[in-house]
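Structure at a glance
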Amino acid sequence: EAGVTQFPSHSVIEKGQTVTLRCDPISGHDNLYWYRRVMGKEIKFLLHFVKESKQDESGMPNNRFLAERTGGTYSTLKVQPAELEDSGVYFCASSPWGQGARETQYFGPGTRLLVL
Amino acid sequence: GENVEQHPSTLSVQEGDSAVIKCTYSDSASNYFPWYKQELGKGPQLIIDIRSNVGEKKDQRIAVTLNKTAKHFSLHITETQPEDSAVYFCAATYNNNDMRFGAGTRLTVKP
């Protein structure tokens, strides 16, 4: 069974540009999470989808970030316009339907974003 | 919101020694505490977890202990090997639905 995949693996963009990250969860997993890790700091929660609905988006930094999960399968996270402080590693994780975070979350390899 | 503190940030041990990483959490309703290992170029992978109805869990060379009264939990790795070198993250549930992570511990096992 394929794990969580993320695309691209790396992205280098200039301040003001737009970047879209994609996450494909494990097939059949209703829960999808986005996280971000800035160098040396914690893996910070961004938002949580249950199927196509946003369950919790309290971690989204500001309105420059837009996450979607149309159809309840893959998800995209768009940053527009990107700022220097958006640099970091963006992780996606998924888990089967059940008890939310009390289910094991399976992480993707991450997208390393560098904004110059 | 939930706050998870993790210590130390870096840990270096000699092969064969034990390593201990400690975390504290703030949400008394947290009831699930996983530990993740992140190797270079990969995403975090679950290595062990503990639920609030038990105080200790062991899986071969790794063990986790939980003290709900003090709101802290620890990861213990015995007989460390070079392949244990990685960044380890603790986490705790928040608001019964989401997870909050610690800042990570970079463990280096010297051969």
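A brief look at the structure comes next. (Residues numbered from 1 in each chain as written. Chains lettered and ligands numbered in written order. Predicted model: local features only at pLDDT ≥ 70, side-chain atom pairs only at ≥ 80, totals over all residues. Heavy atoms only, no water.)

1. Observations regarding the overall build of chain A
Helix and strand counts for chain A stand at zero helices and 11 strands. Taken from the N to the C terminus, the helices and strands of chain A come in the order β-β-β-β-β-β-β-β-β-β-β. Against the 2.2 N^0.38 benchmark of 13 Å for 116 residues, chain A shows a C-alpha radius of gyration of 13 Å, consistent with a compact globule. C-alpha extents for chain A along the principal axes are approximately 40 × 25 × 25 Å. (Helix = DSSP H or I, 4+ residues; strand = E, 2+ residues; numbered from the N terminus. Rg over C-alpha atoms; globule rule 2.2 N^0.38 Å.)

2. Structural notes on the state of the cysteines
Residues and elements named next belong to chain A. In total, this model carries two disulfides over all chains according to the counting rule given. Bridging Cys23 to Cys92, the disulfide has an S-S length of 1.8 Å. Disulfide Cys23 to Cys92: torsion about the S-S bond roughly -60°, handedness left-handed. Highlighted residues: Cys23 in strand β3 (residues 19-24) and Cys92 in strand β9 (residues 88-95), separated in sequence by 69 residues. Each member of the pair, Cys23 together with Cys92, is buried. (Disulfide = S-S within 2.5 Å. Buried < 20%, exposed > 50% of the residue type's maximum accessible area, 1.4 Å probe, protein only.)

3. A word on the interface of chain B and chain A
Between chain B and chain A, the contact holds 23 residues from the first and 24 residues from the second. Between chain B and chain A, roughly 1800 Å² of surface is buried when both sides are summed, and carbon and sulfur atoms account for 50% of that area. There are zero salt bridges connecting chain B and chain A. Where chain B packs against chain A, one counts two residue pairs in polar contact (both at pLDDT 80 or more). The set of elements that each furnish at least two residues to the side of chain B that touches chain A consists of β4 (32-38), β5 (45-51), β9 (86-94) and β10 (98-101) of chain B. Across the side of chain B that touches chain A, the residue classes tally to nine nonpolar, nine polar and five charged. (Contact = heavy atoms within 4.5 Å. Buried area = accessible area lost by both parts, 1.4 Å probe. Salt bridge = Lys/Arg side-chain N within 4 Å of Asp/Glu carboxyl O. Polar contact = N/O pair within 3.5 Å; in protein donor to acceptor, adjacent residues only side chain to side chain. Nonpolar A, V, L, I, M, F, W, Y, C, P; charged D, E, K, R; others polar.)

4. Observations concerning the packing of aromatic side chains
The full count for this structure, using the stated rule, is 12 aromatic pairs over all chains. Note on Phe91 of chain A and Phe107 of chain A: the rings are 6.2 Å apart at their centroids and 80° apart in plane angle, and the pair reads as edge-to-face. Here Phe107 of chain A lies in strand β10 (residues 106-107) and Phe91 of chain A lies in strand β9, a separation of 16 residues in the sequence. Ring centres of Trp35 of chain B and Phe73 of chain B lie 5.6 Å apart, and the angle between their planes is 65°; on these two criteria the pair is classed as edge-to-face. Taken together, the positions of Trp35 of chain B in strand β4 and Phe73 of chain B in strand β8 (residues 72-77) put the pair 38 residues apart, joining distant regions of the chain. With relative accessibility at 0%, the residue Trp35 of chain B sits in the buried group. (Phe/Tyr/Trp six-rings, centres within 6.5 Å; stacked < 30°, edge-to-face > 60°.)

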